[in-house]
Amino acid sequence: MSQPHAVGQGNSPAAMELSANQARRAALAAQGFSASQRTKVRRPFDGALDALHVLQLDSVNVFARSHYLPMFSRHGGYDRERLDAHLWRSGEFTEYWAHEAALIPVADRPLFGWRMEQFRQRAELQGLTEGLAAEITYVRQRLAAEGPMSSGDLEREPRGGRGTWWDWSQTKRAVEHLFGTGEVVSAERVGFQRRYALAEQFLPEHALGTAPAHEAHVRLVEKAALRLGVGTAPDLADYHRLKRGPAQAAIDQLEQEGVLIPAAVEGWKTKAGQPERAWVHRDAHIPSRLAPDALLTPFDPLVWFRPRAERLFHFHYRIEIYTPKEKRQYGYYCLPLMVGGRMAGRIDLKADRAGAALLVQAAWQEPSAPKHTPDVAQRLLSQAAAWHGLTEVRSAGVGNLPLPARWDPQFGDHQDAVED
């Protein structure tokens, strides 16, 4: 392990001084990347899920649902049905607005009780609770009597006549309100559609409580610090979408308790050009060498907070799903490409399931990408195709990352690149 050292900053207490490389390696280690893709045989997903704490869900499925990718990024191919069973039927995870819609450990659900209360208060102020009173009662009664149901099963208003997908019926509004306030949970997702259940009927008693708001913020900030390795106040707040004021109060307490250690990171500057304050969890691990290769989901915690991705990896990344096609720079759904522990490019992927082919619609590399980036990209794409049971990879030739026009995927052992 490389050892950072403490430095004084004016009248501030001594802070750890980290090089940019140390900060990056600390972040990679905290996020579950290691020198080996080997996983535990009996519980293969524990390492990655614990490193993430929050597994973000997203409906886009052009290549793979977003929550499937973090495990692939860290461990290579695996059985997605086995992960589904672990997430939805083990009783260890539940869904809530923890970052965006995300899966979290059931034991940590009480840490979001303050957010459920905010949903409740906001709905009352907006008159939503009163306006939906009859529908809320109806949803409660149906779920109490019949158990888990989708919003379509609950629906008593015909779909015809409503507008877009987001033009929710009163029933849908009622059940989503109850989900936000915590009275209803997502028992599972089928075809990515939630099946709702009353929390009291579906969750263990210990998951139904509510931690005091400040205590919850302190614990969530500490959990974020463990998953970030090193982070600024905005980084620590964003991980569980906390407001800056309560997050900073939690940081201050954890610093006083010695849980968070102030840090100065090479190159991390405020807009005014001053050194940006950062913190390292006292249990953070800073490897002397760590340089993994990976394809990442756009919603991986390693890159989901774009200012941090730019600060940590000098990687300006935006998802272009909602950008008109003629204005897109890189592609509809580009996956960040990490080579040797650095962000080296982005690849727009689509799974042609009927044609059993993985389509590389565009592939781009950064100006600073290592010379072997095309080889790493081809290897990772071969792994991705094999993981999906696809028998061919085809590249459209769009972008500046050179790849063969087509090839048969060769699913081999993972080999970590040596850090530049």
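Data block above holds the structure.
Residues numbered from 1 in each chain as written. Predicted model: local features only at pLDDT ≥ 70, side-chain atom pairs only at ≥ 80, totals over all residues. Heavy atoms only, no water.

### A few points about the packing of aromatic side chains
Note on aromatic pairs: each is described by the distance of the centres and the angle between the planes. Under the definition given, this model contains ten aromatic pairs. Ring geometry for phenylalanine 45 against tyrosine 78: centres 5.5 Å apart, planes inclined by 75°, an arrangement best described as edge-to-face. Of this pair, phenylalanine 45 sits in the loop between helix H1 (20–30) and helix H2 (46–52) while tyrosine 78 sits in the loop between helix H3 (69–75) and helix H4 (80–89), and the two are 33 residues apart along the sequence. By the burial criterion, phenylalanine 45 is buried, and tyrosine 78 matches it. Connected via pairs of aromatic rings, a cluster forms that spans Phe45, Phe63, Phe72, Tyr78 and Trp387. The ring of tryptophan 387 carries arginine 80 above its face, with NZ or CZ at 5.4 Å from the centroid. Sitting over the face of the ring of phenylalanine 179, arginine 194 holds its NZ or CZ atom 4.1 Å from the ring centroid. (Phe/Tyr/Trp six-rings, centres within 6.5 Å; stacked < 30°, edge-to-face > 60°. Helix = DSSP H or I, 4+ residues; strand = E, 2+ residues; numbered from the N terminus. Buried < 20%, exposed > 50% of the residue type's maximum accessible area, 1.4 Å probe, protein only. Lys NZ or Arg CZ within 6 Å of the ring centre and 35° of its normal.)

### Observations concerning the pattern of salt bridges
Pairing is possible between side chains of opposite charge, provided their charged atoms come close. Following the criterion strictly, the structure yields 26 salt bridges and no others. Residues arginine 227 and aspartate 50 are paired through a salt bridge, measuring 3.4 Å at the closest nitrogen-oxygen approach. One end of the pair, arginine 227, is in helix H11 (residues 213–228); the other, aspartate 50, is in helix H2, and 177 residues separate them in sequence. A residue is classified by how much of its surface remains accessible, and arginine 227, at 8% relative accessible area, is buried. Residue aspartate 50 is classed as exposed on the basis of its relative accessible area of 51%. As a salt-bridge pair, arginine 308 and aspartate 235 come within 3.0 Å of each other at their nearest N and O atoms. Taken as a pair, arginine 308 in helix H14 (residues 306–313) and aspartate 235 in helix H12 (residues 233–238) lie far apart in primary sequence, 73 residues in all. Of the residues examined, aspartate 235 reaches a relative accessible area of 2% and is grouped as buried. Because the salt bridges share partners, they merge into one network encompassing Glu95, Lys172, Glu176, Arg189 and Arg194. (Salt bridge = Lys/Arg side-chain N within 4 Å of Asp/Glu carboxyl O.)

### A look at the sheet that holds strand S6 (residues 149–150)
Spatially, S6-S8-S7 is the arrangement adopted by the three strands of the open sheet, whose pairing is antiparallel. Looking at strand neighbours, the two that pair on one side only are S6 and strand S7 (184–190), the edges of this open sheet. With two bridges joining them, S6 and strand S8 (residues 193–198) adopt antiparallel strand pairing. Looking across to S8, one finds that methionine 149 is bridged to tyrosine 196. (Pairing = 2+ DSSP bridges.)

### Concerning the layout of surface pockets
A water-sized probe, rolled over the atoms, reveals where empty space remains. The volume enclosed by the second largest pocket comes to roughly 310 Å³. Lining the second largest pocket are 20 residues, and of these Arg24, Leu312, Phe313, His314 and Arg342 lie nearest its centre. With four residues, the top contributor of residues to the lining of the second largest pocket is H1. Residue classes in the lining of the second largest pocket are distributed as eleven nonpolar, four polar and five charged. (1 Å grid on protein atoms, 1.4 Å probe; cavity = no way out; pocket = protein on both sides within 12 Å on 5 of 7 lines; lining within 4 Å. Points joined across faces, edges and corners; volume = space filled by probe spheres on them. Nonpolar A, V, L, I, M, F, W, Y, C, P; charged D, E, K, R; others polar.)

### Some points on helix H5 (residues 113–125)
Here H5 spans 18 Å end to end across 13 residues, near enough to the 18 Å set by a 1.5 Å rise per residue. All buried positions along H5 are accounted for by Gly113, Trp114, Arg115, Met116 and Ala123. Buried residues along H5 sit against strand S4 (93–97), helix H6 (128–131), helix H9 (170–181) and H11. Of the residues one or two after H5, glycine 127 is the one with positive phi, at around 75°. (Expected span 1.5 Å × (residues − 1). Contact = heavy atoms within 4.5 Å.)

### As for the packing of H5 against H9
Remark: H5 packs on H9, axes separated minimally by 7 Å, with the N-to-C direction vectors making an angle of 135°. In terms of their interaxial angle, H5 and H9 are classed as oblique. Side by side, H5 and H9 meet where Met116, Phe119, Arg120 and Ala123 of the first sit next to His177, Gly180 and Thr181 of the second. Residue composition of the contact of H5 with H9, grouped by class: three nonpolar, three polar and one charged. (Axes fitted to C-alpha atoms, helices over the stretch in contact; angles between N-to-C directions. Parallel < 35°, antiparallel > 145°, perpendicular 65-115°, else oblique.)

### A closer look at the pairing of S4
Counted residue by residue, S4 has four buried out of five residues, so it is predominantly covered. Of the pairings in the sheet, the one linking S4 to strand S5 (residues 101–105) comprises five bridges and is antiparallel in character. Counted as the bridge partner of tryptophan 97 is alanine 101 from S5.

No statement about biological role is implied by the geometric values presented.
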